[in-house]
Amino acid sequence: MTSRTVVAHRARLPRETVVIHLDPFNETQIERWLDMWNRLNAEYFAGHSLSPLEMPVVARLGELACQPLLLLMLALYDMDGNPLRHEMGRLDRAQLYERLLVRFARREVRKSGEALSEQALERSVERELLRLSVVAFAMFNRYSQWATEEELAGDLLHLLSEQTTQPDEFETPLNAAELIVGRFFFVHESQAVQEDRKRKAYEFLHSTFGEYLVARLTTHEVEDLVAAAELHTGHARRNRPNDDFLHALLSHSPLSSRESVLEFLQDLIHGLDPGLRDKLKRTLLALFHDALHYRSSSAYGAYLPARVRGLRTAPMQFATYSLNLFLLLTLAGGEVTGAELFPEPAATAGTPTSVVSRWRSMARLWRSQIAYNAWMNLVRNVEVQRRWRDGERDLSIHWAGSRGSSPPTFDLYWTFEMGPDHEARGQSSWMHEEFLAAARYFYFLCGYEEELLIHAVAPLAADLSRSLMTVAGYWPDQAMSPANALLRLWLLSSRGAEPTELAGAYADCVLLSQAFAPYAEKDATGFLDIVLGHLRLDAPRLRGVLTLRDLRLGKDKPEMAAKIRSVLAELGLV
């Protein structure tokens, strides 16, 4: 027997069953298929002044050409004027999918035999693609590559109010799902009999068709909201655009759960007119500001696509919808700032909450409610840069996309809200809290990344826990912890760094040994002993480079200063 994934997923295979997976075509098999296609259709090509479909053209289609049925679909598409040959150099992937889907939808509409004007034809084509997009969302919002007949029929009813057709006298009625998927051969139907009942499920021949349709409907719906918002511009009573349909679509699964959806959205939104993208940003910001507010009612309240009741929680829907609006905001291009995301000051227990605090709370909500891969796609594709705005902390957020977000750099002055003109810069030190409190915090969360970081610094925490939590702001442009400086020293020493660079690391560590709080004298002494002990190993290559004059010794800790002078004199570093 043969089976697609959707049926095999439900089957119980006897032990020792031999299963053979049919791989996609390789390059040699594609070439053989094209040779046969071109040979069998040579007469048609000649009669219609068409060029054969050749490998260099097909190779640009990537993974689509590796699927036999999709390769056939592309070949049929190219028989109408060789569009693949003439357009591929000018089309991005989203434009190619748009041409393919519109062409096949147009063909299906014309099969009805009804005489339509060009305008009516375009409306009918768009309606077909809307239905097909709802099919795509049926799978996307269920975190699946397939959907059952019952699920599709329910979604079409709740979102588009489409129901079972009225039967003729001798015909079995067809439901909306059967009517839609039956018209497109790139949607595959699988059947199985379960308890004497025929069950049907549907999947796209290639997942990227569904992912493109998700991105397409999302983009079109946001454009419609922009147009609706424009109608109310200048009115004395401003009305918020009705985003009920968009909310129904985007409150169940993060757009970042599939990388291809983000790529298609990038192509579609970046292809819009810059002026429209500016309006898009304004509309999306207005929606984002209200995304965490309760919605009184919705015409689409019966649309509940999650197969597991636990995935239909209110926090999950709030988090998913706000995250998806945020993703669309960044995709609209340009800069999105934290102040734009959170324009009105909020208060917790009567205390104003900063933009960064509100951002942190929002990000934690998203992380708590979405799957790991969706979260990682988010942080990989969106770049968050830390900025100062009028002496206050702010964020500058951009879409990074395929180039990936930049490696993060940390400025502890920014972290602890000490602006560029802060009087304590360059002359202060402080301790945030005890390490044990931070360790308990991360232990409570039970997170992978948090536990790995705590595990990495555990050896330091055993004897030098306060070196991890103390911050020295002894330089105007940077602040650092003693633990950070010590790790850098060890790495430079073991790598055989240039003597001048290594000497600078020792000077930093000696200075930072004096940054500990008065009640942490034991920690400061232990830290200094480790630094001076390591200096004994590196002294031979530092003679003439590191001297007592290169070190900043404070006057408030004379015993530590005396120990430093004694060791340097002993090692000949004078």
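The subject of this paragraph is the overall build of the protein. Within the protein one finds 25 helices and 10 strands. Carbon and sulfur atoms make up 53% of the accessible area of the protein, which amounts to about 31,200 Å² in all.

Assignment of secondary structure puts Asn373 in helix H18 (residues 372-381). Classification of Asn373 as partly exposed rests on a relative accessible area of 39%. Within the structure, the side chain of Asn373 is placed 2.9 Å from the backbone oxygen of Ser257, a separation counted as a polar contact.

This part covers the packing of aromatic side chains. Evaluation of the coordinates by the stated rule reveals 16 aromatic pairs. Measuring from ring centre to ring centre gives 5.9 Å for Tyr97 and Tyr212, while their planes differ by 35°; the resulting arrangement is tilted. Note that Tyr97 is positioned in helix H7 (residues 93-110) and Tyr212 in helix H11 (residues 207-231), a separation of 115 residues in sequence. Between Phe516 and Phe527 the ring centres are 5.8 Å apart and the planes differ by 55°, which places this aromatic pair in the tilted class. Taken together, the positions of Phe516 in the loop between helix H23 (499-512) and helix H24 (521-542) and Phe527 in helix H24 put the pair 11 residues apart, joining distant regions of the chain. Residue Phe516 shares its accessibility class with Phe527, and that shared class is buried. Here a set of aromatic residues connected by ring pairs shows up, and it is made of Tyr97, Phe209, Tyr212 and Phe264.

Ordered by their spatial adjacency, three strands build an open sheet running E4-E8-E7, and the pairing between neighbours is antiparallel. The sheet is open, and its two edges are formed by strand E4 (336-337) and strand E7 (382-389), each paired on a single side. As judged from the eight bridges shared by E7 and strand E8 (residues 392-399), these two strands associate in the antiparallel manner. When the sheet's bridge partners are listed, Gln385 is paired in E8 with Ser396.

Tallying each qualifying case throughout the model produces 24 salt bridges. The residue Arg85 makes a salt bridge to Glu54 at a minimum N-O spacing of 3.2 Å. Of the two residues, Arg85 sits in helix H6 (residues 83-87) while Glu54 sits in the loop between helix H3 (42-47) and helix H4 (55-59), which places them 31 residues apart along the sequence. With a shortest N-O distance of 2.9 Å, Arg93 and Glu263 are connected by a salt bridge. Note that Arg93 is positioned in helix H7 and Glu263 in helix H13 (residues 259-270), a separation of 170 residues in sequence. Put simply, Glu98, Glu126 and Arg216 are held in one network by salt bridges that share partners.

Mean pLDDT over the protein stands at 87; residues scoring 70 or higher make up 88%. Across residues 166-172, confidence stays below pLDDT 50; counting only partners more than four residues off in sequence or on other chains, it has two contacts.

At a minimum axis distance of 9 Å, the contact between H13 and helix H15 (residues 314-331) shows a crossing angle of 50°. Accordingly, the angle class assigned to the pair H13 and H15 is oblique. Both H13 and H15 take part in a crossing whose hand is right-handed. In contact with Leu262, Leu265, Gln266, Ile269 and His270 of H13, H15 contributes Leu327, Leu328 and Leu331. Of the residues assigned to the contact of H13 with H15, the class counts are six nonpolar, two polar and no charged.

This paragraph deals with the side chain of His534. You can see His534 is positioned in helix H24. A relative accessible area of 18% means that His534 is categorised as buried.

What counts, and where the lines are drawn
Residues numbered from 1 in each chain as written. Predicted model: local features only at pLDDT ≥ 70, side-chain atom pairs only at ≥ 80, totals over all residues. Heavy atoms only, no water. Helix = DSSP H or I, 4+ residues; strand = E, 2+ residues; numbered from the N terminus. Areas by Shrake-Rupley, 256 points an atom, 1.4 Å probe, with all protein chains shown as cover. Buried < 20%, exposed > 50% of the residue type's maximum accessible area, 1.4 Å probe, protein only. Polar contact = N/O pair within 3.5 Å; in protein donor to acceptor, adjacent residues only side chain to side chain. Phe/Tyr/Trp six-rings, centres within 6.5 Å; stacked < 30°, edge-to-face > 60°. Pairing = 2+ DSSP bridges. Salt bridge = Lys/Arg side-chain N within 4 Å of Asp/Glu carboxyl O. pLDDT = per-residue confidence, 0-100. Contact = heavy atoms within 4.5 Å. Axes fitted to C-alpha atoms, helices over the stretch in contact; angles between N-to-C directions. Parallel < 35°, antiparallel > 145°, perpendicular 65-115°, else oblique. Left-handed = near helix turned anticlockwise from the far one by under 90°. Nonpolar A, V, L, I, M, F, W, Y, C, P; charged D, E, K, R; others polar.

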